[in-house]
Each structure stands twice: as C-alpha cells, then as structure tokens.
Amino acid sequence: QLDSQIKIDQTITDKVHLMGEYFDVRQTDDLPAQEWAGSPFTTNKQSFVTRSKLAELQGTVIISPSMVNQVSIGLNDYIPNLGITGLVYKNQLPDFQSTLPYNGLLSDRLPLVNFSGGYSSFGVTNSQPLTHASDVEETLTDDWSWLKGKHFIEAGFNFVHSIKRQNQFAFSNGEWTFSGRFTGDPIADYLLGDSAQFYQQSGERRPYMFGNIASPYVQDTWKLTKRFTLNYGVRLMYMPLPHATLAETLFDPAKFDPSAIPIVNPNGTITPTANYNPLNGLIQNGVDGVPVNFSDKHKWYWAPQAGFAWDVFGDGKTSLRGGFGITYTRVFTGG
C-alpha cells in the first residue's frame, strides 16, 4: 500500500483561513489462487488493484470571537479493479470447444465448473475480471457554530452527489455443475460430459447509478451545570432512492393483459399472436410517468439525536456518557 498526501494551509487574514488537501491511496493485492471461485489451483490467480483519490478545499471565516462559519467542497473517488491472470479466455485453449447459447459481453471467458462432494471448482468466476468499478462522492458542506452563554449552537447543510459505475456480476461465460447424478461420482460425470446443471446469462451489463442526499441540521450543546452537559439536535435528510441510466424494467400485474400473451409451444419456442406484446406487464423506469427509481416514496427522513455527559463525583476524573440517535444510509443496487 502506498499513501500520498499533499496539504496546503493559507491564512488570508486574521479571520479568513483557506485549506486544500489531496490524498492518493493505492493498494495491490496479489493472491496465489482464484479465491473468489473457491479454487486452490494456481492456473488462475487474482490480482486486485485499488486506488482511492480524495480532494478537499475548505474555507473558514471567523465572524466574531464566538461565531465561526466553515465551507468545504470535496471529492472522493474509490476505484477497485479485480484482475485475474492465467487460463482465463477460451482462445488460450485452442482445442476448447463451446456451443453455449449466448455470446454477450465477457462470454469469451472460460466457464466455471463446479463439483459436488467437496471438490474444488475451477474455471473463471462471474466476478472477474472487473475493471474500474468506481464509487464517486461529490460533497458540498456548510457548518456554522455560535457560542452563546451556556449554549454551543451548530447548524449547517450537507449535499452529497454519488455516482456508482460497476459491471453487474454475470455468468455470461456459463457455469456447469457435476453432481454424480449419472454415475454416482461427480468427477466421473465430468469426464463423461454429463452435467447435472448448466446456467448462463446472455451478457454482462454496466449500469451507472446516481443518487443525491441533501441534509440540513441544527444541534445544541447546553452546559446545564458545571457537572452536567446536554446535547440534542436533529437532521432532516432528503434521500431518494438511487437510479440507473440503463432502461430497467419491472413487472406490474396491473399492466398485464392476458390477451397479449403468445402461444408457448411444447419445445419451448413461442408463436406470436395478433395482440402479442413482448413488454406485456412490464414498466420502465422514467418512462410514461414511472419514476426513475420506480418509487416516489421514502425520500424524507428525520434523524434526531440526544446525549449527555455527567461528571459523577465533580472532580473531573470520572464521567458517565450516554446518547441516542437515528441515522440512515442507502445501498446502490439494481441496474
């Protein structure tokens, strides 16, 4: 791991201070085998490279001896790259023959082969290679504080714009499972080419997910007595669900029309009918009045908090602290 930091502090006047900093953190992880596939064989090895970049520009203004305001803008970019080396692609094995039904993105990888009975897998898992899976956070923050008698009042506003770019793990290369169903031994089934199960996805998608958080807050630290301090405040969070740039669809039973279904033949094929609609019952995010994240609910959240500090014996040596708070987070999923 290599950590690099540059920081500059500049005093403009006695009441105005400017600070800028930049962090660069790089990590390299070379693993002796393909651990994410549960494979101990050295034919495939994992090499993970992660780079994080953080930059911030912060200005502090002393409004009065008891009042300060601080404004900052920042950027955090977390970029992992999950690499794999060794026997990864079909063209590395000239005699390898494949008649898989799909040929989408990353279907040129060798398939993953699983065995029942405690045998290790081999091949290429669905999670690798994964290039430039980045999480970006762009922030704007304003924090104001005021010391007024026994009260230390704080208020401010935070805005976070997030962008997540990452391939969705997919077995576009295919996944085989040998269980011993035909011979009683999974390895014998494999040598005969008799698999119990095969699974393949048509391709691998790369959605861009976007999300915003806007949150004003106010807080007061009240020194009730020399021995007892009370802290309380609340934050209001506007945090709608993240949404993707890809045209996502969901099934809505209310939009399903039985007269628009095709005829399903015994061999698994379909015969379109006069009213056949391949999107029957499907709704698309951001289209025809559908919200970009399929929901207009759960956008606003109250986040209260309260705490105390008590000097138990009044000698400044023993303190009892307690508190309660509610906070929220979000997870970028979908795409």
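Residues numbered from 1 in each chain as written. Predicted model: local features only at pLDDT ≥ 70, side-chain atom pairs only at ≥ 80, totals over all residues. Heavy atoms only, no water.

For the rest of this paragraph, the subject is the overall build of the chain. Each helix and strand in the chain was counted, giving one helix and 19 strands. What you see for the chain is a C-alpha radius of gyration of 29 Å, clearly larger than the 20 Å of a compact globule of 335 residues, by over 25%. Burial statistics for the chain: of 335 residues in total, 31% are counted as buried. If you take every contact in the chain between residues at least 6 apart in sequence, the share linking residues at least 24 apart comes to 64%. Separation of charge centres in the chain, based on 25 positive and 31 negative side chains, amounts to 9 Å. (Helix = DSSP H or I, 4+ residues; strand = E, 2+ residues; numbered from the N terminus. Rg over C-alpha atoms; globule rule 2.2 N^0.38 Å. Buried < 20%, exposed > 50% of the residue type's maximum accessible area, 1.4 Å probe, protein only. Contact = heavy atoms within 4.5 Å. Lys, Arg positive; Asp, Glu negative; His and termini not counted. Charge placed at Lys NZ, Arg CZ, Asp CG, Glu CD.)

What follows is about the layout of surface pockets. In this structure, the largest pocket encloses a volume near 340 Å³. Phe-96, Pro-111, Val-113, Phe-122 and Tyr-190 are the residues nearest the centre of the largest pocket, which is lined by 17 residues in total. Elements supplying a minimum of two residues to the lining of the largest pocket: strand 6 (122–123) and strand 9 (175–178). Grouping the constituent residues of the lining of the largest pocket by class yields eleven nonpolar, six polar and no charged. (1 Å grid on protein atoms, 1.4 Å probe; cavity = no way out; pocket = protein on both sides within 12 Å on 5 of 7 lines; lining within 4 Å. Points joined across faces, edges and corners; volume = space filled by probe spheres on them. Nonpolar A, V, L, I, M, F, W, Y, C, P; charged D, E, K, R; others polar.)

Moving on: the packing of aromatic side chains. One pass over the full model with this rule turns up 13 aromatic pairs. Relative to Tyr-119, the ring of Phe-115 lies with its centre 6.4 Å away and its plane at 70°, an arrangement referred to as edge-to-face. Taking the centre distance of 5.3 Å and the plane angle of 85° together, the rings of Phe-115 and Tyr-190 count as edge-to-face. Of this pair, Phe-115 sits in strand 5 (residues 112–115) while Tyr-190 sits in helix 1 (residues 186–192), and the two are 75 residues apart along the sequence. Residue Tyr-190 is classed as partly exposed on the basis of its relative accessible area, which comes to 31%. Each member of the aromatic cluster is reached from another via a ring pair, and the members are Phe-115, Tyr-119, Phe-122, Phe-178 and Tyr-190. (Phe/Tyr/Trp six-rings, centres within 6.5 Å; stacked < 30°, edge-to-face > 60°.)

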